[in-house]
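# Tertiary structure, described
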Amino acid sequence: MDVGLLLWWWMLPALLIVGGVVGVLAVVRRRRAERGKPVAHMDRLTALPRYRAAFARYRAWTALGLVVLIVGGVGTAFIAARPAAVNANQNDDYKRDILLCLDVSGSMVDVDAEILGVFQQIAQGLDGERIGMRIFDASSVMAFPLTSDYDYIVEQLGRYQRAFQGTLGPDEQFSYAAGTANGNGASLVGDGLASCALDFADTDDTDRPRSIILATDNMVNGQQIFSLEQAGQLAIDNDVRVYAINPFDWGGDPVSAQLQNVAETTGGAYFALDFADTVANIVERVNAIEAGYIETPPEVQIVDRPGPLLPILMVLVIGICLVAWRVRL
Amino acid sequence: MQRRLQKVKTKMAIHAHRRTFELLDGNYQSIHHGRSHDFDDLREYAPGDEVKDIDWKATARSTTPLVKRYIASRQHNVIVVVDTGRNMAATAESGESKEDVAIQTIGILSYLAIKHGDRVAMYAGNAEHTGFTPEGGSEAHLERMLRMLDDQISLDAPDSDLQHVLEQVAKSVRRRSLVVIVADDLAYTRELDQVLGRLHVRHEVLWISIGDADLMARDAKAPDIFGVAGDAPLPDYVRRDKRLMRAFDEGIAQRRRTLQQELLSLGVAAERIPSSDEVIPALFRLLERHRRVRR
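Just so it is clear, the structure is predicted and the values come from calculations on it, not from any experiment.

## Some thoughts on the packing of aromatic side chains
- Going through the model one piece at a time under the given rule, you end up with nine aromatic pairs over all chains.
- Where A:Phe144 meets A:Tyr152, the ring centres are 5.9 Å apart and the plane angle is 80°; that geometry is what we call edge-to-face.
- Judged by centre distance (6.1 Å) and plane angle (50°), the rings of A:Tyr160 and A:Phe164 are tilted. In this pair, A:Tyr160 and A:Phe164 are both assigned in helix H5 (residues 150-165), four residues apart and thus about one turn of the helix distant. Of the two residues, A:Tyr160 and A:Phe164, neither departs from the other in class, the shared state being buried.
- Clustering of aromatic rings is evident, with ring pairs tying together A:Tyr51, A:Phe55, A:Tyr58 and B:Tyr237.
- The cationic tip of A:Arg159 hangs over the ring face of A:Phe174; the distance from NZ or CZ to the ring centre is 4.0 Å.

Structure, rendered in C-alpha cells:
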C-alpha cells in the first residue's frame, strides 16, 4: 500500500529554474567573453576539410555531454525533491497472545486433535505472536506457556495431537491425561477457563490483544470451584476474549446457550462445530475478529525512495567527467 | 616625445653590427633605370653593383674596387603600404602583437631610408578608411607616421582589406617609387596577383609578411585564442587534435609557399618576419634579395 510522492516537490521546479538560469548565463558569458590572445586569419585553419570533421566531432561530443548534463540535472532535481513512499501498514504489528484452552475429556479429544493440527499450520507462518496451551479435565495442566518459539510450539502441538489421536510413536512415553484428573468430577469447564484466564493475570504486556480458544462441550460433571460465568468474569477482568468451539451443539440446549453467552460476554464469539464448518474456518474467523482489536493505530511511515536514481546519477556524473575530459572543456 | 622612433633606434643600436651599417650605407639598388650625372661620391664595390659603375681610375689608386655614386641613385621615394585593420592588432607568431612587429619593421626601414636621404610616404588603410601620409624626410615625420599607425591599429579597428588599399595605391601613385607592402599571412588570391602586377609595372615592390600566430594548441601552456574577425571560438578539443595539427602545418606551409612563389614570379622580393627580433636580419635579407631579383 505504497503511495509515491515528492516530499519537497518545490525543489524540482526551483532547481530546474536555477539550472536553466545558470545554463543560459554560462552560454551568454561564453559568447561575450573573448578570452586569450587575438589571432588573425582563422581561415588558415577553418578552411581545412579536416577542421570541419574535427569540429563536427567536437559538436557531437558536446551535444552528448549536454544531454547527459541535462538528464543528470533533472535527475538530481528529482532526487533533491525527495521521492518518498507513504506506508500505512499495520500488519507488522499484529502481535497477539493466544492461549489454547482444551477440554480433554473423552468426548473432546478428536476436536482437540483437529484444532492442534490447524494451529500447527498457523504457527509455522507466525511472527511475533505468542501461543500457549492449557488442557483441563477435572484439573487443568499447563501444556506449555505463552511463547513465540514456534519450533517448540509446533513440536508440542504435534506431540499432543498424536497423543490425542493415539498415534504416538513406540519410543514416546507420554500421557496427555497426566495431571488432569486431580479433582472431583470431569470436564470442569469453569475451573479450566478460570485457570486459562488467570494465565494472563501475570503478564504485563497489556497492549497485546489477548484471546483464549476454548474447545469444550460444556458438559460439566462434578463440583467445580468457578462457575463458567465467574470464569468469564475473570477473562473480562484480564482483558481476554474467549472464543468457544463447541462440537456438540444440539441447538438450543442450555449448556450450549450458557457457553455462547459467556463467550460473547467477554467480547469473543461462539462457534458450533457442525458439518457446515471446519475447525480451520473457525480459526480463520477468530483471526478476522481479533484483527479488529489491534489497538495500535495504523502507522503512517514516510520512507525516502530514491530507487535506482542514485547509482544512475553516479554513472551520469562519471559520464559528464569523461566527456568533459574528452573535449578538454 | 619621439618614443616610437627611440625604440626603433634602440633596436638598431642593439643590432649595431656590420650588416646594419651596411644597410645604413644605403646598399640597395637604384630604382631608376637611367642615371643622373650628378656625381656624388665613391664607395666600395659590393656584389651586385653594375660593372660599368666602377670608377676604374679611382680603383687603380686604391686597393679595392670603387664604384661611383650618383645623386639620382640615392633619391628614392619609399611608399609604405600597411594594413591597419583589426588583423594587424592580432598576435604575431612570436606571441608579440603584430602591430609592434609591424611598427618596428616600418620604423627601421623608414629610418634607414631617411638616413639615406630618401623620402617616405605611407598608405595605411583598412576596409573602411585609407589614410595617406605625404612623403617626408625628417625624424619628426617618421615619428608622426608611427604614432598614427599605433593609434589606428586596434582590436576595435575595422576589418582588414589590404586588397582595397593596394588598389588605391595603384590608382593614385604616379611617381615611380619603392613600394613596401607590410601584410601578414594572408591567402594569395587572383585579385591580389592582379593588383600587385599593376603596381609592379610602375614601381619597385617589396613584400613583408608579419607572421601570424599559431592556431593550434601544441602544449599544455598554449594560451586561449579568439579570432579578431568575429570568428566562432576555436574549441580546445579541435586545437589539440593531432591529425588536424599536421593538416594545419601543411596548410600554412602551402600558403607561404604559394605566396613566395607567386611574388617571386612577379619579381617581388618577399620576406616573412615572425618576431621583432627578426626584423633587422629579415630586412637585410629582403633588401639583399631585392637587389638580386630580376631587373
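## Here we look at the pattern of salt bridges
All names here are of chain B.
- A complete count under the given rule lists 23 salt bridges over all chains for this structure.
- Of the charged contacts in the structure, one is a salt bridge between Arg175 and Glu135, with a shortest N-O distance of 3.6 Å. Here Glu135 lies in strand E5 (residues 130-136) and Arg175 lies in the loop between helix H7 (162-172) and strand E6 (178-184), a separation of 40 residues in the sequence.
- Take Arg175: its relative accessible area is 46%, and that puts it in the partly exposed class.
- We note a salt bridge from Arg272 to Asp185, for which the minimum N-O separation is 2.7 Å. Note that Arg272 is positioned in strand E9 (residues 269-273) and Asp185 in the loop between E6 and helix H8 (190-202), a separation of 87 residues in sequence. The burial state of Arg272 is the same as that of Asp185; both residues are buried.
- A network of salt bridges, in which partner residues are shared, links Glu93, Asp185, Arg256 and Arg272.

## What about the sheet that holds strand E11 (residues 269-272) of chain A?
Residues and elements named next belong to chain A.
- Ordered in space as E6-E5-E4-E8-E10-E11, the six strands form an open sheet in which the pairing is mixed. The sheet is open, and its two edges are formed by strand E6 (140-147) and E11, each paired on a single side. The mean angle between the axes of side-by-side strands here comes to 15°, regardless of whether they run parallel or antiparallel.
- Relative to E11, strand E10 (residues 240-246) runs parallel, the two sharing four bridges. When the sheet's bridge partners are listed, Tyr243 is paired in E11 with Ala269.

## Brief notes about the interface of chain A and chain B
- At the interface, 23 residues of chain A touch 36 residues of chain B.
- The three residues of chain A that bury the most area against chain B are A:Lys37, A:Met42 and A:Arg44, which together make up 25% of that side's buried surface.
- One can count two salt bridges joining chain A with chain B.
- A:Arg57 is the partner of B:Asp241 in a salt bridge, and the nearest nitrogen-oxygen pair spans 2.6 Å.

## Things to note about the nonpolar core
- Core analysis: the largest hydrophobic core is formed by 40 residues, its most contacted members being B:Val80, B:Val82, B:Ile106, B:Leu149 and B:Val182.
- Take this core: its biggest share by element is ten residues, from helix H5 (residues 98-115) of chain B.
- With residues near it in sequence (within four places) discarded, B:Val80 still touches B:Ile106, B:Ser110, B:Val120, B:Ala121, B:Met122, B:Tyr123, B:Val180 and B:Val182.
- The next biggest cluster of nonpolar side chains, apart from the first, holds 38 residues, and it includes A:Leu102, A:Val111, A:Tyr176 and A:Val279.

## Structural notes on the pairing of E6(B)
Residue and element names in this part refer to chain B.
- Of all seven residues making up E6, seven are buried, and the element is well covered by its neighbours.
- Of the two faces of E6, the one carrying Leu178, Val180, Val182 and Asp184 and the one carrying Val179, Ile181 and Ala183 are both buried.
- Here five bridges tie strand E3 (residues 77-83) to E6, and the two strands are oriented parallel to one another. By the bridge assignment for E6, Val78 is matched with Leu178.
- One ladder, built from seven bridges, connects E6 with strand E7 (residues 204-210); its direction is parallel.

The rules we used
Residues numbered from 1 in each chain as written. Chains lettered and ligands numbered in written order. Predicted model: local features only at pLDDT ≥ 70, side-chain atom pairs only at ≥ 80, totals over all residues. Heavy atoms only, no water. Phe/Tyr/Trp six-rings, centres within 6.5 Å; stacked < 30°, edge-to-face > 60°. Helix = DSSP H or I, 4+ residues; strand = E, 2+ residues; numbered from the N terminus. Buried < 20%, exposed > 50% of the residue type's maximum accessible area, 1.4 Å probe, protein only. Lys NZ or Arg CZ within 6 Å of the ring centre and 35° of its normal. Salt bridge = Lys/Arg side-chain N within 4 Å of Asp/Glu carboxyl O. Pairing = 2+ DSSP bridges. Axes fitted to C-alpha atoms, helices over the stretch in contact; angles between N-to-C directions. Contact = heavy atoms within 4.5 Å. Buried area = accessible area lost by both parts, 1.4 Å probe. Core = buried A, V, L, I, M, F, W, Y, C linked by side-chain atoms within 4.5 Å.

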